[in-house]
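# Examination of the molecular architecture
Single-letter residue listing:
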2 protein chains.
Amino acid sequence: MGVVVSFGEKSAGGDIERLVALVREDMSRVNETILSRTGSDVTMIPEVAQHLISSGGKRLRPMLTLATAILNNYEGAGHIKLAASVEFMHTATLLHDDVVDESDLRRGKPSARKVWGNEASVLVGDFLLGQAFKMMVEVGSLPCLDVLSTAAAVIAEGEVMQLAAAKNTATTEDEYLAVIRAKTAALFAAAAEVGPIVSGADETAQKACRSYGLNLGIAFQLIDDALDYGGTAAKLGKNVGDDFREGKITLPLVLAFRRGSDEERAFWRDSIESGANDDTRLLRAIDLLRKHRALEDTVERARHYGAMAKDALALFPPSAMREALDEVVDFCISRAH
Amino acid sequence: MGVVVSFGEKSAGGDIERLVALVREDMSRVNETILSRTGSDVTMIPEVAQHLISSGGKRLRPMLTLATAILNNYEGAGHIKLAASVEFMHTATLLHDDVVDESDLRRGKPSARKVWGNEASVLVGDFLLGQAFKMMVEVGSLPCLDVLSTAAAVIAEGEVMQLAAAKNTATTEDEYLAVIRAKTAALFAAAAEVGPIVSGADETAQKACRSYGLNLGIAFQLIDDALDYGGTAAKLGKNVGDDFREGKITLPLVLAFRRGSDEERAFWRDSIESGANDDTRLLRAIDLLRKHRALEDTVERARHYGAMAKDALALFPPSAMREALDEVVDFCISRAH
């Protein structure tokens, strides 16, 4: 695939480096915890887990837990295990997603299911989920356990929702939003909420951090969905047009479908339902997205949620951490350029 | 498949009816909880979950939680949600197992993956696991959460272990035992352990109940593995010889392989590795199992663990519940006849 699309505008991108610097020490403890907790005498477990864990994700979600704990002046050590739990939950979801989507690539490397098979992906995912809960229990905060176990159920619910909506080109923007709130934003929200909870912060702080995480998560997924039509395979770590080929309904498609002519809608329906989408069809799809400004407007929608995320944090006094978290929002959105 | 094998001896079977009667009221509350907790606006979730949940399993595991709570004179209501959690964990495992094993039948009905696909089985399993943890959190006992989350990780580890040992005819009895301890007995043990924990019973009672569950679970799995070669499809709810066809290494095979001649070992190796096992091969396999008394001795091994289970409970004063739990052991073993 050599299809490359530029978004037609360049913007003041944010940077994640400030956040990375502020949580560096804690993050290296999280990484140690992750390593030690994927250990097992069953050699396939560390192999599969580390294949994914070491494959260069940004670890944004566990960073949110660390950051929101620090933002709330936490002085204990519980946030380390909570952050590691969050990353394990995320990794488990990725392993199961690859099975569900039958993906062969993940972050530019062969997916675990491609290397070790569906069986190992399902089971190592389950193992990591079990380990995640064990670590949460060790931290001993029932409210944190409540938030994270609820997230686990909601994420799975969102994935099933997505499955049920699959190939339905008449999906509304609201329905699409309900899916990504559940399958993506719920974990961002939970990751950001357990920081203040473990810090013993009040409910206002807790809700603020949750709202930050939730809206950041929505923005993040919107950009991801735009990127699926607009980056290069090398940059994305996956193939351009994967969502299109898999008949996945994302916001760019929802917008282009609604804004299109009858003939265009027939094209979308046909493409999504048949799933036999070659490069010619993908180029036509990208052409239609461009014609209807569907990618730009997806990014605009993301900006809206990004603004909500920033405002959610605005009641915290100015600090390096608050600024860093603001910049993460800009970073997520600027990925689209 | 019309292959039927009798075990050649009839025995004084136990009965599960006494236990069923003693926990009847609590169990109907567990069933209500299960029904209400599989509810979701995403219609596929209750559909898939109830397909499996209503398919006539004996619900032995949640009954163990209720029974060991009653045995320890519990007067609260936490055991209901804990028992429902145990059943959800079990159901999640079944859903994921069917994907791993590519099974088309489960308890005599088409498996969920056959009806709704692998995707739904993976995701609804994840949803149930999330709900299980939510319910545990609602009960609010960190020690119970510890026991059950540890079990979740151990079960997955056991399944991966089984995967790694797959098709290895040189598997020792000890290796096989390590697998079934993890993949099956760990949940029986946890189910029986949270009863005394939620009751506030002392460590001795807790360990006794855990040991009962663990050894009952081992016996249960041994009998299951014998039954795979020895029942009828109708009685079993699955095809006779499934393990053989799938190249699964269970104790009957371990024993027959070790006790066999070079020529017989070649037959086993060839069968397990090729996986192209027709009825003729299955009949030869059953013939060899009979020749080496592999099924009878598997049942004998089960009796050994069953005896340990009963002795574990022997320090509880005699009561209807203790007797009922003893009878469950006999019931599990008598299934083989």
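Residue indices follow the written sequence of each chain, beginning from 1 at its first position. Chains carry letters from A onward and ligands carry numbers from 1 onward, assigned in written order. Predicted model: local features are reported for residues with pLDDT of at least 70 only, side-chain atom pairs are reported and counted for 80 or more only, and whole-chain, interface and lining totals are derived from all residues. Computation of side-chain values: all heavy atoms of the structure, hydrogens and water removed.

### Things to note about the side chain of B:S334
This is how it is decided: Only DSSP runs of H or I covering at least 4 residues are called helices, and only runs of E covering at least 2 are called strands; the numbering of each starts at the N terminus. Buried residues are those whose accessible area, probed at 1.4 Å on protein chains only, stays under 20% of the maximum for their type, while exposed residues exceed 50% and partly exposed ones sit between those limits.
On the secondary structure map, B:S334 appears in helix α16 (residues 320-334). Classification of B:S334 by relative accessible area gives buried; the value is 15%.

### Points about the relation of the copies chain A and chain B
Applicable threshold: Superposition of the copies was done by least squares, using only C-alpha atoms of residues whose pLDDT is at least 70 in both. Whether two residues are in contact is decided by their heavy atoms: any pair within 4.5 Å suffices.
Rotating chain A by 180° and translating it 0.0 Å along the rotation axis places it on chain B, where the RMSD comes to 0.0 Å. Such values leave the two copies arranged in the relation of a two-fold axis. Most of the interface of chain A is mirrored in chain B, where 100% of its interface residues again form contacts.

### Let's talk about unusual backbone geometry
Residues and elements named next belong to chain A. For R293, which is not glycine, the phi torsion reads 50° and is therefore positive. Looking at the secondary structure, you find R293 in the loop between α14 (279-291) and α15 (294-313). By relative accessible area, R293 is classed as partly exposed at 46%.

### Topic: the interface of chain A and chain B
One widely used convention gives an interface's size as the accessible area the parts lose upon coming together. How we decide: Summed over both partners, buried area is the accessible surface (1.4 Å probe) that two parts give up on being assembled. The salt bridge definition used is simple: a Lys or Arg side-chain nitrogen within 4 Å of an Asp or Glu carboxyl oxygen. Polar contacts, as counted here, are pairs of nitrogen or oxygen atoms within 3.5 Å of one another; within protein the pair requires one atom able to donate a hydrogen and one able to accept it, and residues that are adjacent in sequence qualify only if both atoms are side-chain atoms. Note that Gly is not counted as nonpolar here; it falls among the polar residues with everything else outside the nonpolar set of Ala, Val, Leu, Ile, Met, Phe, Trp, Tyr, Cys and Pro and the charged set of Asp, Glu, Lys and Arg.
Contact with chain A, which involves 36 residues of that partner, is made by 36 residues of chain B. For the pair chain A and chain B, the summed buried surface comes to about 3300 Å²; carbon and sulfur atoms form 82% of the total. When the buried area of chain A at its contact with chain B is split by residue, A:L123, A:L142 and A:V160 rank highest and sum to 17% of it. Between chain A and chain B we count zero salt bridges in total. Across the chain A-chain B interface, the total number found is four residue pairs in polar contact (both at pLDDT 80 or more). Among the elements of the structure, α3 (44-53), α5 (78-101), α6 (112-139) and α7 (142-165) of chain A are those that each provide at least two residues to the side of chain A that touches chain B. Per element, the largest residue contribution to the side of chain A that touches chain B is 14 residues, and it comes from α7(A). Taken together, the residues of the side of chain A that touches chain B sort by class into 22 nonpolar, seven polar and seven charged.

### Focus on the environment of A:Q162
Residues and elements named next belong to chain A. Inspection of the secondary structure assignment puts Q162 in helix α7. Overall, the relative accessible area of 17% leaves Q162 in the buried class. Between the C-alpha atoms of Q162 and I180, which are 18 residues apart in sequence, the distance is 8.5 Å. With residues near it in sequence (within four places) discarded, Q162 still touches V179, K183 and K248.

Just distances and angles here, no functional claims.
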